[in-house]
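One-letter residues, chain by chain:
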Amino acid sequence: MKKALHDRDSALRTSTGYLRLAQKVIDVSMDAIMITSPDGIIESVNPSFSQVTGYDAVEAIGQTPKLLSSGMHGKDFYRTMWQALHERGHWQGEIWNKRKNGDLYPQWLSVTAIRDEKKQITQFAAIFSDISERKNQERKIHQLAYVDELTGLANRRLFLDRLQLSIANAHRHQ
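Residue positions are given per chain, counting from 1 as you read along its sequence in written order. Residues qualify for local features only when their pLDDT is at least 70, as the model is predicted, and side-chain atom pairs are given and counted only at 80 or more; totals for whole chains, interfaces and linings, by contrast, use all residues. Remark: hydrogens and water are excluded; side-chain values derive from all non-hydrogen atoms of the structure.

### A word on helix α4 (residues 75-88)
Note on conventions: DSSP H or I runs of at least 4 residues are helices, E runs of at least 2 residues are strands, and numbering of each starts at the N terminus. By this rule, a helix spans an expected 1.5 Å times one less than how many residues it contains. With 14 residues, α4 extends 20 Å from end C-alpha to end C-alpha; this agrees with the ideal 20 Å at 1.5 Å per step. Here α4 has its buried residues at Met81, Ala84 and Leu85. Buried residues of α4, seen end-on, are gathered within an arc of 100° and therefore sit on one face of the element. Opposite the buried face of α4, by more than 90 degrees, sit the exposed residues Lys75, Asp76, Arg79 and Glu87. Contacts were defined at the residue level, with two residues in contact if any of their heavy atoms lie within 4.5 Å. The inward-facing, buried residues of α4 contact β3 (90-98), β4 (104-115) and β5 (121-130). The positive-phi residue at the C-terminal boundary of α4 is Gly89, with phi of around 90°. Exposure is judged per residue with a 1.4 Å probe applied to protein chains only, and the accessible area is read against the type maximum: over 50% gives exposed, under 20% gives buried, and values in between give partly exposed. In this context, the arc is that of the directions from the helix axis out to the C-beta atoms.

### Things to note about the sheet that holds β5
The antiparallel open sheet is built from five strands, whose spatial order is β2-β1-β5-β4-β3. The sheet terminates laterally at β2 (42-45) and β3, the two strands that pair on one side only. Across the sheet, the mean angle from the axis of one strand to that of its neighbour is 25°, orientation sign disregarded. Pairing between strands requires that DSSP locate at least two bridges from one strand to the other. When β3 meets β4, the two strands line up antiparallel, connected through nine bridges. Residue Trp96 lies in a different strand from β4, and its bridge partner there is Pro106. Think of each axis as a best-fit line through the C-alpha atoms, taken over the contacting stretch in the case of a helix, with angles from 0 to 180 degrees between the N-to-C directions. Along the sheet, α4 makes contact with β3, β4 and β5, crossing β3 at roughly 150°.

### Looking at the packing of aromatic side chains
In this description, a pair of aromatic rings is defined by centroid distance and the angle of the planes. Two rings belonging to Phe, Tyr or Trp (six-membered ring only in the last case) form a pair when the distance between their centres is within 6.5 Å. Interplanar angles under 30 degrees mark stacking, angles over 60 mark edge-to-face geometry, and anything in between is tilted. The tally for this structure, following the rule as stated, stands at four aromatic pairs. Plain terms: the ring middles of Phe77 and Tyr78 are 5.3 Å apart, the flat faces sit at 90° to each other, and that makes the pair edge-to-face. Taking the relative accessible area as the measure of exposure, Phe77 reaches 25% and is therefore partly exposed. Among the aromatic residues, those joined into a ring-pair cluster are Phe77, Tyr78 and Trp91.

### Here's the deal with the nonpolar core
Residues belong to a common nonpolar core when they are buried Ala, Val, Leu, Ile, Met, Phe, Trp, Tyr or Cys residues joined through side-chain atoms within 4.5 Å. Phe49, Leu109 and Phe128 are the most contacted members of the largest nonpolar core, which has 22 residues in total. Where this core is concerned, the elements lending two or more residues are β1 (32-36), β2, α2 (47-53), α4, β3, β4 and β5. Every residue in contact with Leu109, bar those within four places of it in the chain, is listed here: Met81, Trp91, Gln92, Gly93, Ile95, Ala126, Ile127 and Phe128.

### Concerning the side chain of Gln107
Mapped onto the elements, Gln107 comes out in strand β4. You can call Gln107 buried: its relative accessible area is 1%. Residues adjacent in sequence count toward polar contacts only when both atoms are side-chain atoms; beyond that, a polar contact is any pair of N or O atoms within 3.5 Å, and within protein one must be able to donate a hydrogen and the other to accept it. One polar contact links Gln107 to Tyr105, side chain to side chain, over a distance of 2.8 Å.

### Brief notes about the pairing of β3
Note on strand geometry: in a regular strand, side chains alternate between the two faces of the sheet. Residues Trp91, Gly93, Ile95 and Asn97 line the buried face of β3, whereas the alternating positions His90, Gln92, Glu94, Trp96 and Lys98 sit on a face that is not buried. Counting the residues between successive antiparallel strands, the hairpin from β3 to β4 contains five residues, one of them, Gly102, with a positive phi of roughly 95°.

### Comments concerning the environment of Lys135
With respect to the helices and strands, the residue Lys135 is situated in helix α5 (residues 132-146). When the C-alpha atoms of Lys135 and Gln107 are compared, they prove to be 9.8 Å apart, with 28 residues separating the residues in sequence. Those residues within four positions of Lys135 in sequence are excluded, and the remaining contacts are Glu94 and Pro106.

Written as structure tokens, this is what we have:
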């Protein structure tokens, strides 16, 4: 009996240690993390969530992720997302959301369904990061590739690109 109690206590200490470690990793993650119930109620957020969105944990917990909705995505977008979550257990992609101050921003979002032993969804874990800076860099690269930096006019590459599009369009429509 003593050995069984000792083994149980040891397993409990180990389990508690893993839980503490997992919580520390979540708390120091550079990515925002949001945990919701199966019906979409926010149960937990990490400090990066507050930095990215502007919402404190107290303001977010008990709300739904609609709190962040930018209004830029239609019902079909979300229907496809939820269908993937229920069928495959995860969804990943770019989405536009809104900060507490009303600013819209692009984010890279990964959502995973967390299931129990009976394969029932118990929670959803959403991990996201603000990709505004990456989008700005992409815009700058596009600008450098297609526009003359000195004059601000379209360059030869843009001209040839548009010419090819026009020729293809002309062939399609005779």
